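Notes for the structure review
What follows is the residue order along each chain.
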Amino acid sequence: MIAMTETILQSGFTPEAFEAFLASRREPAWLTLVRKEAWDAFEETPLPDRSLEEWRRTDLRLFRLGAFGLPRAAQSSHGSADQGSCPAKAADGRSITAAEGLLERNVELAGRLATWDSQTASSVLHEEWREKGVVFESLDSAIGQHEALLREHFLKPVVDWRADKFASLHAACWSGGTFVYVPPGVNVNLPLYTFSLLSPGQVDFGRTVIILGEGAEATVLSETASVDPGAPGLHCGAIEIRVGPNARLRYVNLQNWGTGVWHFAHQRALVERDGQLQWTIGALGSRLAKVNQHVALIGPGAEAQVNGVMFTEGKQHLSYHTLQHHQAPHCKSDLLYKGALQDKSHLVWRGMIRVDRDAQKTDGYQRNDNLILSDTVRVDSIPGLEILADDVKCTHGATSGRVDDEQIFYARARGLTRKEAVRMIVAGFFQQVFDRITIESVREALGDAIGSRVRECH
């Protein structure tokens, strides 16, 4: 376990704390105005409750937003650690670079960026890619160095900050985060890796912005974790992706917060003409997670493959809502989400394929499978179609079922313990998703992370 010097939080999310936060940022006037508009929406919007269809299966009555607050942008805690500066130090003298994530093990990287409690701790990009115009750094510093590129993005954001109270709060108060830009025609053939770490009682407001120019190609691995696996915390974040014409992005995002963290996120990708996106999420951590993951195919010939691996235990509640939005003709989307549940956990997946009137020749597919490892779990699986075009091929389906006792008996008859047998069955259940991941060590890391959580089913 790594301990860190305490980051001081402003008390609650008050107008006074927000003004102090703005004063510490020293950002362009246009961005300050964007933040203020989002803050006004945050103050005017109530916390969602179960009277709303989207939140009907997610109970926030135990959540206390006032228990958290905005982090002060004090250099004494973390420092500014972009290219060439010193990484943040822990109380025991180690830096965040000593904390290795699951996805980076045995992987040669083009760059690595780490944040701690929503502040940048370290950032490295190999010179080869910097010379080709690749940008991989904290979003905080990118605002100053690449303002022209980011101004258009923030004035026309990918994620709608009016979607709910959490989206507005994030748009007003984001800090830290990651900016990835790959210029047209550049192929980054090694993964870029980001690691976000959260201390007990702290907040993470990280924002990820990924932009690929025409014909560009990249792989991005992203991972979150907690210093103390059981400590409380709050993540209120966003992921925004733009895949340019003929560009190709492979993105793996592992949510592995501790079991005391409240996790709220809006994630959306835009894929332009003939662009390709492979987006894989792993959802293993948090006390409660409510995530909206949307992919919009906005140019003819765009393709998206969306993969999900979800595992819940204890009293965890994970709710993931996905949208495959076909806005242009001749596009293809393929979504496969798989979840396994044990103890008294609750898993919600609500998926929608939406086809606009002009999106003829659409090929859309979505599937959600769930493996039940306990009699006391609950799973809600809700696929949906909303089709306005008349020349499409769209399919959806969902299944939920228990581990087959005959499979367990068969494995035990060959010398495995019951726990080993269940782990083997769970690994086989997720294999279809793992096979879609092109990096072998990442497949193994996800498999090991899930396997270590599996207990005997009953």
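Above this text sits the structure in question.
Notes on the structure in this doc start here. What you see is a predicted model, and the numbers here were worked out from it, not measured in a lab. (Residues numbered from 1 in each chain as written. Predicted model: local features only at pLDDT ≥ 70, side-chain atom pairs only at ≥ 80, totals over all residues. Heavy atoms only, no water.)

What follows concerns the overall build of the protein chain. Check the secondary structure of the protein chain and you find nine helices and 21 strands. Computed over C-alpha atoms, the radius of gyration of the protein chain comes to 21 Å, within 12% of the 23 Å expected from 2.2 N^0.38 for 458 residues, which places it in the range of a compact globule. Its C-alpha atoms give the protein chain principal-axis dimensions of roughly 65 × 55 × 50 Å. A total of 458 residues make up the protein chain; the buried ones form 59% of that total. Taking contacts inside the protein chain between residues at least 6 apart in sequence as the whole, the part at least 24 apart equals 85%. For the protein chain, the exposed surface amounts to about 18,400 Å²; the carbon and sulfur share of it is 48%. The positive charge centre, built from 49 side chains, and the negative charge centre, built from 57, are 4 Å apart in the protein chain. (Helix = DSSP H or I, 4+ residues; strand = E, 2+ residues; numbered from the N terminus. Rg over C-alpha atoms; globule rule 2.2 N^0.38 Å. Buried < 20%, exposed > 50% of the residue type's maximum accessible area, 1.4 Å probe, protein only. Contact = heavy atoms within 4.5 Å. Areas by Shrake-Rupley, 256 points an atom, 1.4 Å probe, with all protein chains shown as cover. Lys, Arg positive; Asp, Glu negative; His and termini not counted. Charge placed at Lys NZ, Arg CZ, Asp CG, Glu CD.)

For the rest of this paragraph, the subject is the packing of aromatic side chains. Tallying each qualifying case throughout the model produces 16 aromatic pairs. For the ring pair Phe 18 and Trp 39, a centre distance of 4.4 Å and an interplane angle of 5° mean the geometry is stacked. Of this pair, Phe 18 sits in helix H1 (residues 15-25) while Trp 39 sits in helix H2 (residues 29-44); the two residues are 21 residues apart in sequence, bridging distant segments of the chain. You can call Phe 18 buried: its relative accessible area is 2%. You can call Trp 39 buried: its relative accessible area is 4%. When the ring of Phe 63 is compared with that of Trp 262, the centres are 5.0 Å apart and the planes differ by 55°; the resulting orientation is tilted. Linking Phe 63 in the loop between H2 and strand S1 (111-116) with Trp 262 in strand S11 (residues 260-271), this pair joins segments that are 199 residues apart in sequence. In this structure, Phe 63 and Trp 262 share a single accessibility class: buried. Ring pairing ties together the aromatic residues Trp 55, Phe 63, Phe 166, Trp 262 and Phe 264, which thus form one cluster. A cation over a ring is seen here: Arg 25 above Trp 174, with NZ or CZ 5.4 Å from the ring centre. (Phe/Tyr/Trp six-rings, centres within 6.5 Å; stacked < 30°, edge-to-face > 60°. Lys NZ or Arg CZ within 6 Å of the ring centre and 35° of its normal.)

Take empty space enclosed by the protein next. The final tally for this structure, using the stated rule, is five cavities of 30 Å³ or more. Of the pockets and cavities examined, the largest cavity occupies roughly 280 Å³. Residue lining of the largest cavity: 27 residues in total, with Thr 208, Ser 222, Thr 224, His 235 and Asn 253 positioned closest to the centre. When contributions to the lining of the largest cavity are tallied by element, the ones reaching two or more residues are S1, strand S5 (192-198), strand S7 (207-212), strand S8 (217-226), strand S9 (232-243), strand S10 (248-256), S11 and strand S12 (276-283). Here the residues of the lining of the largest cavity sort into eight nonpolar, 16 polar and three charged. (1 Å grid on protein atoms, 1.4 Å probe; cavity = no way out; pocket = protein on both sides within 12 Å on 5 of 7 lines; lining within 4 Å. Points joined across faces, edges and corners; volume = space filled by probe spheres on them. Nonpolar A, V, L, I, M, F, W, Y, C, P; charged D, E, K, R; others polar.)

The contact between H2 and helix H5 (residues 147-155) brings their axes to 11 Å, and the two run at 20°. Viewed along their axes, H2 and H5 adopt a mutual orientation that is roughly parallel. Read as a crossing pair, H2 and H5 show a hand that is left-handed. Packed against H2, whose contacting residues are Trp 30, Leu 31 and Val 34, the element H5 presents Glu 147, Leu 150, Arg 151, Phe 154 and Leu 155 at the interface. Looking at side-chain class alone, the contact of H2 with H5 contains six nonpolar, no polar and two charged residues. (Axes fitted to C-alpha atoms, helices over the stretch in contact; angles between N-to-C directions. Parallel < 35°, antiparallel > 145°, perpendicular 65-115°, else oblique. Left-handed = near helix turned anticlockwise from the far one by under 90°.)

Okay, a negative patch on the surface next. On the surface, a cluster of negative charge is contributed by Glu 37, Asp 40, Glu 43 and Glu 44. Its location among the elements puts Glu 44 in helix H2. (Patch = residues over 30% accessible without salt bridge, like charges linked within 9 Å, V, L, I, M, F, W, Y side chains within 5 Å. Salt bridge = Lys/Arg side-chain N within 4 Å of Asp/Glu carboxyl O.)

The interhelical angle for the contact between helix H8 (residues 418-434) and helix H9 (residues 440-451), taken along N-to-C directions, is 145°, at an axis separation of 10 Å. Read as a crossing pair, H8 and H9 show a hand that is right-handed. Judged by residue contacts, Arg 423, Val 426, Phe 430 and Phe 434 of H8 engage Arg 443, Leu 446, Gly 447, Ile 450 and Gly 451 from H9. Of the residues belonging to the contact of H8 with H9, the class tally is five nonpolar, two polar and two charged.

Attention shifts here to the nonpolar core. The tendency in soluble globular proteins is for nonpolar side chains to be buried side by side. Within the largest apolar cluster, 48 residues are counted, with the highest numbers of intra-cluster contacts made by Ile 241, Leu 249, Trp 279, Val 295 and Tyr 320. In contact with Leu 249, not counting residues within four places along its chain, are Ile 210, Leu 212, Ala 218, Val 220, Ile 241, Val 243, Gln 276, Leu 277 and Gln 278. Among the nonpolar cores identified, the runner-up in size contains 39 residues, and Tyr 193, Ala 225, Ile 437 and Ala 449 belong to it. (Core = buried A, V, L, I, M, F, W, Y, C linked by side-chain atoms within 4.5 Å.)

Take the side chain of Gln 316 next. Its place among the elements puts Gln 316 in the loop between strand S14 (303-312) and strand S15 (317-326). On the accessibility criterion, Gln 316 (3% relative accessible area) is buried. Here the side chain of Gln 316 touches Glu 313 through a polar contact of 2.9 Å, landing on its backbone nitrogen. Aside from chain neighbours lying at most four places away, what touches Gln 316 is Leu 284, Gly 285, Ser 286, Arg 287, Phe 311, Ser 345 and His 346. (Polar contact = N/O pair within 3.5 Å; in protein donor to acceptor, adjacent residues only side chain to side chain.)

No statement about biological role is implied by the geometric values presented.
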